[in-house]
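# Observations on chain architecture
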Amino acid sequence: MSVGAAARRVRAYGGQFLLLAVLTLVVTLLVSGVPRLVNRTAEEGLRAQLNSESADRRDLNYATGEVDTAAAPVMPGARKQFDTLVDQMPPQVRSAITDRWFSVDTVPNRVVGPDLKARNLLVNLGLRAMPGIQEESTLVEGAWPNETFVTGRPIEVALDADVARKLNLRVGSRLSLGRPDDATIKPAPMLVVGLFRPVDRADGAWGGLPQVLQVVEPEGDGEPLIAVGVVAPVVLDKGAASGWLVRTQWRYRLGVDRIDARQLDQTIEGLQQVQRTVPPGLTLTQAVDIPLRAFAAQVNSARTLLAVVGAGLLATLAGLILLAAALSIRRRRSEFALIRARGGAATAGARRSFAESLLVVPVAAALGWWLGTLFPGTPDATAPYAAAATLLVTLALPLATLTVRGVGAARRDLVRVRPSTRRLTVEVFLLLLAGLAAVLLRRRGLTLGEVDPLLVSVPVLLAVAAAVLALRAYPWPLLLVSRFAARTRGSVTFLGTARAGRSTVAAPLVVVVLAIGTAAFCAVVAAGVDASRGRAAERVVPADALIRGERFAPDTVDALNGLPGVRAATPVLIERDQRLATDEVGTDARIGQTMVLLVDGPGLARVTNESGVDVTVPDALRTAQAVPGALPAIVSPAVAADLARADLRDSAFVSVQGQRYEFRVAGAQDSFPVLPADTDRFVILPWQALPPRATTPAPTSLLVAGDQLDAEALRQAGDQGQLRFQQQGAVTGRERPLGVTVDTRAGVRHQLGDGGANGVLAFGFVGGAVGGTVLGLLAIAFTVLAGARARGQVLSRLRTLGLSRRQWRGLLLVELTPLVGMSVLTGALVGAVLPLVLNPVLGLTAFTGGVPVRVAFEPGLVVAVVALGAVALGFAVVVEALNNRRLRLGEVLRLGEES
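Residues numbered from 1 in each chain as written. Predicted model: local features only at pLDDT ≥ 70, side-chain atom pairs only at ≥ 80, totals over all residues. Heavy atoms only, no water.

### What to know about the sheet that holds strand E18 (residues 659–668)
In spatial order, the strands read E17-E18-E16-E19-E15-E14-E20-E13-E21; together these nine strands make up an open sheet with mixed pairing. Edge positions in the open sheet fall to strand E17 (652–656) and strand E21 (741–744), since each of these has one partner strand only. Mean inter-strand twist for the sheet, computed between neighbouring axes without regard to direction, equals 35°. By the bridge criterion, five bridges tie strand E16 (residues 631–635) to E18 in an arrangement that is parallel. (Pairing = 2+ DSSP bridges. Helix = DSSP H or I, 4+ residues; strand = E, 2+ residues; numbered from the N terminus. Axes fitted to C-alpha atoms, helices over the stretch in contact; angles between N-to-C directions.)

### Quick notes on the side chain of arginine 745
Secondary-structure assignment places arginine 745 in helix H24 (residues 745–754). Note on arginine 745: relative accessible area 19%, which makes it buried. A distance of 2.5 Å separates the side chain of arginine 745 from the backbone oxygen of alanine 543, its partner in a polar contact. (Buried < 20%, exposed > 50% of the residue type's maximum accessible area, 1.4 Å probe, protein only. Polar contact = N/O pair within 3.5 Å; in protein donor to acceptor, adjacent residues only side chain to side chain.)

### Brief notes about the pairing of strand E11 (residues 245–254)
Within E11, eight of the ten residues are buried, leaving the element largely enclosed by the surrounding structure. Strand direction decides the pairing type here: strand E1 (residues 59–64) and E11, joined by five bridges, are antiparallel. By the bridge assignment, alanine 63 is partnered in E11 with glutamine 249. Pairing analysis gives nine bridges linking strand E3 (residues 97–106) to E11, with the strands arranged antiparallel. When the sheet's bridge partners are listed, aspartate 105 is paired in E11 with arginine 247.

### A closer look at the pattern of salt bridges
Applying the stated rule across the entire model yields 30 salt bridges. A salt bridge links arginine 251 to aspartate 59; its shortest N-O distance comes to 3.4 Å. With a gap of 192 residues between them, arginine 251 in strand E11 and aspartate 59 in strand E1 connect regions that are remote in the sequence. Overall, aspartate 59 belongs to the buried group, its relative accessible area being 2%. (Salt bridge = Lys/Arg side-chain N within 4 Å of Asp/Glu carboxyl O.)

### Details of the confidence of the model for the chain
Per-residue pLDDT for the chain averages 84, and the proportion of residues at 70 or more is 88%. Predicted confidence is poor over residues 412–417, with pLDDT under 50, and the contacts of this stretch with residues over four places away or in other chains come to eleven contacts. The model gives residues 894–899 a pLDDT under 50, and that stretch makes 14 contacts with residues more than four places away or in other chains. (pLDDT = per-residue confidence, 0-100. Contact = heavy atoms within 4.5 Å.)

### Let's talk about the packing of aromatic side chains
Tallying each qualifying case throughout the model produces five aromatic pairs. Between tyrosine 62 and tyrosine 252, the aromatic rings sit 6.0 Å apart at their centres with planes inclined by 80°, giving edge-to-face as the arrangement. A residue pair is termed long-range when its members are at least 10 positions apart, and tyrosine 62 in strand E1 and tyrosine 252 in strand E11 qualify at 190 residues. Each member of the pair, tyrosine 62 as well as tyrosine 252, is classed as buried. Every member of this aromatic cluster is reached through a ring pair, and the members are Tyr62, Phe82, Phe102 and Tyr252. Taking NZ or CZ as reference, arginine 100 lies 5.1 Å from the ring centre of phenylalanine 82, over its face. (Phe/Tyr/Trp six-rings, centres within 6.5 Å; stacked < 30°, edge-to-face > 60°. Lys NZ or Arg CZ within 6 Å of the ring centre and 35° of its normal.)

### Quick look at the nonpolar core
Across soluble globular proteins, nonpolar side chains have a tendency to be buried as a group. Formed by 169 residues in total, the largest nonpolar core has its most connected members in Tyr252, Phe521 and Leu838. Looking at this core element by element, the count peaks at 19 residues for helix H10 (residues 289–331). In this view, leucine 838 contacts Val308, Leu441, Leu455, Val458, Pro459 and Phe521; residues no more than four positions away in its chain are not counted. Ranked by size, the runner-up nonpolar core spans 26 residues in total, among them Val572, Leu604, Leu621 and Leu675. (Core = buried A, V, L, I, M, F, W, Y, C linked by side-chain atoms within 4.5 Å.)

### Looking at the side chain of serine 173
Residue position: serine 173 is located in the loop between helix H7 (161–166) and strand E8 (174–177). On the basis of relative accessible area, serine 173 is assigned to the buried category, the value being 1%. Not counting residues within four places of it along the chain, the set of residues in contact with serine 173 comprises Asp115, Met190, Leu191 and Val192.

### Quick notes on a nonpolar patch on the surface
Together, Phe354, Leu358, Leu391, Leu395, Leu399 and Leu402 line one region of the surface with nonpolar side chains, adding up to about 510 Å² of accessible area. Within the secondary structure, leucine 395 sits in helix H13 (residues 383–401). Under the relative-accessibility criterion, leucine 395 is labelled partly exposed at 31%. (Patch = residues over 30% accessible without salt bridge, like charges linked within 9 Å, V, L, I, M, F, W, Y side chains within 5 Å. Areas by Shrake-Rupley, 256 points an atom, 1.4 Å probe, with all protein chains shown as cover.)

### Some words on H24
Buried within H24 we find Arg745, Val748, Leu752 and Gly753. Summarising the axial view, the buried residues of H24 lie within an arc of 130°, below the 170-degree limit, and thus occupy one face. In H24, the exposed positions that point more than 90 degrees away from the buried face belong to Ala746, His750 and Gln751. Following H24 by one or two positions, glycine 756 adopts a phi angle in the positive range, close to 60°. (Arc of directions from axis to C-beta.)

Dropping the structure here:
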């Protein structure tokens, strides 16, 4: 067999080989390009996740305690440790470090001076040596401290210009370190020699605590202000030698662009190793592993979902390739049968097909792989999978050729009432295998993020099993309809249902079910995730807005009700880590720490109702009144079990802002709005039923219902409420309370849907739904083409008997409607059932704030299925019409024309 002969045959059957080449290109394109897109999307999500956090959340902070280092100079040891700590880190952590700083501080001590006394300021000043500060700041006035230390001269110090202004200091201000009544610090004169401003206040060089760029306000009356001044390193060496207590800090910042989204698990493990191997005498503080763990959980869940979707799409493509090969061999049956009839070997036709495939498939595969490399993103090691796919596609045509047995046309429109033993055995085996795989998957579970063969096989097996059952049940309803149609006038319905019932297009319909099932699965799971995000947002903010603060004045609720757009507001009080008691004295009940929540039952019911939130306030909280006796309380199951074991269900005590209240268990439930999703120990008391006390509890949060709420107005009202509470004398000191935070339900919902690795998840949903739909339509085209010649012969014969063109269209619709409807409906049912099987093992709670994803019936799915069925039927009719026009129906009645 020469290459030229094979090339001529490829050119002669160009359409069939073009179809095979396109399918091959799509397979290798997906294998090469999709991992790049997924990695790109994951990297962008990780960058956005880390950038949304404050930069210091990416710092590894090493520090010593306040130690006396008189035995050795401080700065040389700090510089040596600066490099040693990095060298000891695991490679995956060390390679992610972009910036690093270290500093040495003294303990803040009292300073006095004329300029401070003029404002009657009490100030504790810490001294800090910061190598590299001159590059990070601009000198505004004066000079930097002298790098040499001269005994007997004042300690030279530089201050931030804003800090100096707030302390009434300037260049030339003289200070004295230490107090006459403090024997731990020898008094030393100081001189302010320079004022500076940072080049970039957000730069990590200024991140040490206490900060150089601000004055720490006192916590109470009579307490000093705390500030930090910059000195030359030699000053701290001399001071430490004389007995000063100093503290060294080393900070290493992980760069956003240095953390690889594909190696998050290794990076997290490296951070754990760093935590476990902290050198003696040092402490390590880091929080970067928290956002990394959250993002890794989302990525692993998304990759698991992508494995399910990818398995469905690749299995569909494999089925389409087999159908294309079978269709090609069917058209060339006579050619291969003639080779056998002339004495050719059993493999002669297969060798011919293999030579033809070698001219088409590898070229198409290489082109698809190259196109995939043009996609943005970091590649994965998928070349072996592409090579294996290319080999299998190349062998598809030769293997299909081996099925050709002999010459002659055979009737293909007969359906055996009883299937053969071989076919029945295969079908039963597939059904048992699908059921066993589904059970094993539910019982064994999955390792998220890994491509588990069991996981990727279950959707395919269930789809094939459903298709087998549908094909078995499909002819019987049509048989009944055909018998009924035989008694009516007209032949279109009878002929159409009869031919549809005898259709033998099993393989194409299996592929259709698999494709539509994948698309429906993506749609159903996406709807379930979206609904669960809504429930998660309602749990965090069971109103239109939630204001969180420290403590609010009681009249803050009235102030909120006076704002434009506010329909209702109610107070909420949360007390964490409270101990339950057995009596009013406070005898510990020896029950674990519990979160206490006070809610105004009627107010909460009104706010949730006005906000349209689906939250049911228990009757015990909503109808409770201030009567003597224990308060009715809703508790978590864990607390209820502990109280039952301690025989305290009817009387136990809990402390709320210093006041102890008696309660009884009136009900138990797993969760409650406002409380974090992972809270499993809580006690909820009705605010309106609290007994009168000398001190009224102050709310820590406020729920607001309204339309078009102004978040800034709510924030200002909350801040004013905190200030009024402070001015009433409940809090001493001059420190202003921290500003409140305002969360809206819409904002929380938006954050859940747009942050983290949601881009990867959305890519999987959209790709699966669109890809499954397109491939499903292509499989329907194969279904139509598989019986096109037989329908062409029937049509030509009926046209000679007087069948009109309108009747022909009706006959075509009657014949194709059951086929298309059955395949689309079965695929939709498979897509609706798959989430019930796979949802518990997909880990999608990482995208819903910990709220379990519930897959429920979606009315929109019915509309989508009907619309898809109509589109598929119209597409099938168009394909049939185009094929009939190409065949020229007058020619298909020639003697020997094969069906």
